[in-house]
Amino acid sequence: MRVGDGALSEAASELADWQAGRTVFVITSPKVWALHGDAVEGVLEPAAKWCRFEVAEGEAAKNLAHAERLWDQMLDAEGKRDSRIIAVGGGSVGDLAGFVAGCFLRGIEFAQFPTTMLAQVDASIGGKTAVNLPLAKNSVGLFYHPKWVVAETRFLTTLPAPELRSGLIEVIKAGVALDSHLFERLEENLDSLFSGDTSVLAPVVAEAMGAKIAVVEKDPTEQGGRRLLNLGHTLGHALESQLGYRGLRHGEAVGFGILFALRLARKRGLSEADGDRIQHLVRRCDLPILPNLDHGALLDSMRLDKKNREDSMAWVLPVGIGNAAVFTDIRDSEVGEELHRFLVEPSV
């Protein structure tokens, strides 16, 4: 893994050995390639040949039709089991590319070059790859870890402000669930992070990545402690699927999910002071207005969440800043009542 301003250049020699004599498939989107293609081309020279395949922006890329088209293109280009994939883009491109890599010829090696804050601190790490189905996000996929993650923080300077803010909500999530020092750093430096200052962004990205890696190494297939990384995602993913993966960025949906989780957490011992600090930090990321949504349909979507087991829904809730736990004894009736109130006034 390489992270920071200049990470791509630092990784170039090792990436050269990894690509040498092989076919490399670059999976990206038109907008991302227009911004960063020149930088990426500079590290592709050692490949025997490389092909660029473009996919849709955002969640629209994450479906089986896109995956099938990519597999066909790779076969047509004579891809082999020692070919390589490089994902260049945000979390959706990385999720799709990893899924494609894990299934093509029963698995070929791939690298992640994440270009968004959300992808660098979260989606590119941990080996979760997937596509969406209409009923539920990330419902078809596999754990398949990248050979390389190169988080070039210089790429983040091209992000629109709402995208950067959305990605920072995933960093807030990590601070709330895992790392009180990271949370405090965000409280102190959030305005500088919003400005896109790479000297401030790089250490925050590195710390957030490190916090996630420490959890993933202990629980690579999400059987235990790794579930804590899903704080805010039970409602967040339900919001995304009910909106047809349009209208809310992933981080924004997670932000609403964190605010909703605080309602349940305060009933289970989270202090008012900690709850207020968490709510304030999330709100500083300028969440949009929550669209009108059907209460019952959202509950149905939450029941499809991947963390759930046959006999219960699972909720990741903060018990303090830097500390979260999984609760499986929360009744559907309580969730339904709180959700009804939350949709009317989405605050703690």
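Below is a short write-up of the structure.

**Some details on the overall build of the protein**
1) Next: Helix and strand counts for the protein come out as 13 helices and 10 strands.
2) Next: The C-alpha radius of gyration of the protein comes to 20 Å, within 12% of the 20 Å expected for a compact globule of 348 residues.
3) Next: Across the 348 residues that make up the protein, the buried fraction comes to 59%.
4) Next: In the protein, the share of contacts with a sequence separation of at least 24, taken over all contacts with a separation of at least 6, comes to 77%.
5) Next: Counting only carbon and sulfur atoms, one obtains 49% of the accessible surface of the protein, whose full area is about 14100 Å².
6) Next: Computed over 37 positive and 48 negative side-chain charges, the inter-centroid distance for the protein is 3 Å.

**Considering the environment of Gly127**
1) Next: Positionally, Gly127 belongs in the loop between helix H5 (117–123) and strand E6 (128–133).
2) Next: Residue Gly127 is classed as buried on the basis of its relative accessible area of 3%.
3) Next: Sequence separation between Gly127 and Gly269 is 142 residues; the distance between their C-alpha atoms is 33 Å.
4) Next: Excluding residues that lie within four positions of it along the chain, Gly127 makes contacts with Leu142, Phe143, Tyr144, His145, Pro146 and Arg226.

**Considerations on helix H2 (residues 30–41)**
1) Next: For H2, built from 12 residues, the straight-helix expectation of 16 Å at 1.5 Å per residue is missed by more than 12%, its first-to-last C-alpha distance being only 14 Å.
2) Next: For H2, the full list of buried residues reads Val32, Trp33, His36, Gly37 and Val40. Buried residues along H2 cover an arc of 155° about the axis, so they all sit on one side. With respect to the buried face of H2, the exposed residues turned more than 90 degrees away are Ala34 and Asp38.

**Quick look at the packing of aromatic side chains**
1) Next: For the coordinates displayed, the defined rule picks out 6 aromatic pairs.
2) Next: Taken together, Phe260, Trp315 and Phe342 form an aromatic cluster joined through their ring pairs.
3) Next: The cationic tip of Arg165 hangs over the ring face of Phe194; the distance from NZ or CZ to the ring centre is 3.9 Å.

**Let's talk about the nonpolar core**
Nonpolar side chains in soluble globular proteins tend to end up buried together.
1) Next: Met117, Val171, Leu186, Leu239, Met302 and Trp315 are the most contacted members of the largest nonpolar core, which has 66 residues in total.
2) Next: It is helix H10 (residues 250–266) that contributes the most residues to this core, 10 residues altogether.
3) Next: Apart from residues lying up to four places away in sequence, Val171 is in contact with Met117, Val121, Leu182, Leu186, Val204 and Ala208.
4) Next: Core analysis: the next-biggest nonpolar cluster, separate from the first, contains 22 residues, Val93, Leu96, Phe99 and Ala101 among them.

How each quantity is defined
Positions within a chain are numbered from 1, following the residues in the order the chain's sequence is written. In keeping with the predicted nature of the model, local features appear solely for residues at pLDDT of at least 70, side-chain atom pairs appear and are counted solely at 80 or more, and the whole-chain, interface and lining totals rest on all residues. By convention in this description, side-chain values take in all heavy atoms of the structure and omit both hydrogens and water. By definition, any uninterrupted DSSP run of H or I lasting at least four residues is a helix, any uninterrupted run of E lasting at least two residues is a strand, and each is numbered from the N terminus. Atoms counted for the radius of gyration: C-alpha only. Globule rule: 2.2 Å times residue count to the power 0.38. The rule is simple: take the accessible area with a 1.4 Å probe, protein chains only, and divide by the maximum for that residue type; under 20% is buried, over 50% is exposed, in between is partly exposed. Residue contacts are defined here by distance: any two heavy atoms, one from each residue, within 4.5 Å place the two residues in contact. Each accessible area value is a Shrake-Rupley result obtained with a 1.4 Å probe; residue values ignore everything except the protein chains displayed when judging cover. Note that His is not counted, nor are the chain ends; the positive residues are Lys and Arg, and the negative ones are Asp and Glu. Positions of charges follow a simple convention, taking NZ of Lys, CZ of Arg, CG of Asp or CD of Glu. Here the expected span of a helix is defined as 1.5 Å times the quantity of residues minus one. Working note: the arc is built from the helix axis to C-beta atom directions. Stacked, tilted and edge-to-face are the three classes applied to pairs of Phe, Tyr and Trp rings, where Trp contributes its six-membered ring and a pair requires centres within 6.5 Å; stacked means planes under 30 degrees apart, edge-to-face means over 60, and tilted covers the rest. Criterion for a charge above a ring: Arg CZ or Lys NZ at most 6 Å from the ring centre, at most 35 degrees from the ring normal. Residues belong to a common nonpolar core when they are buried Ala, Val, Leu, Ile, Met, Phe, Trp, Tyr or Cys residues joined through side-chain atoms within 4.5 Å.

Geometric values such as these leave the question of function open.
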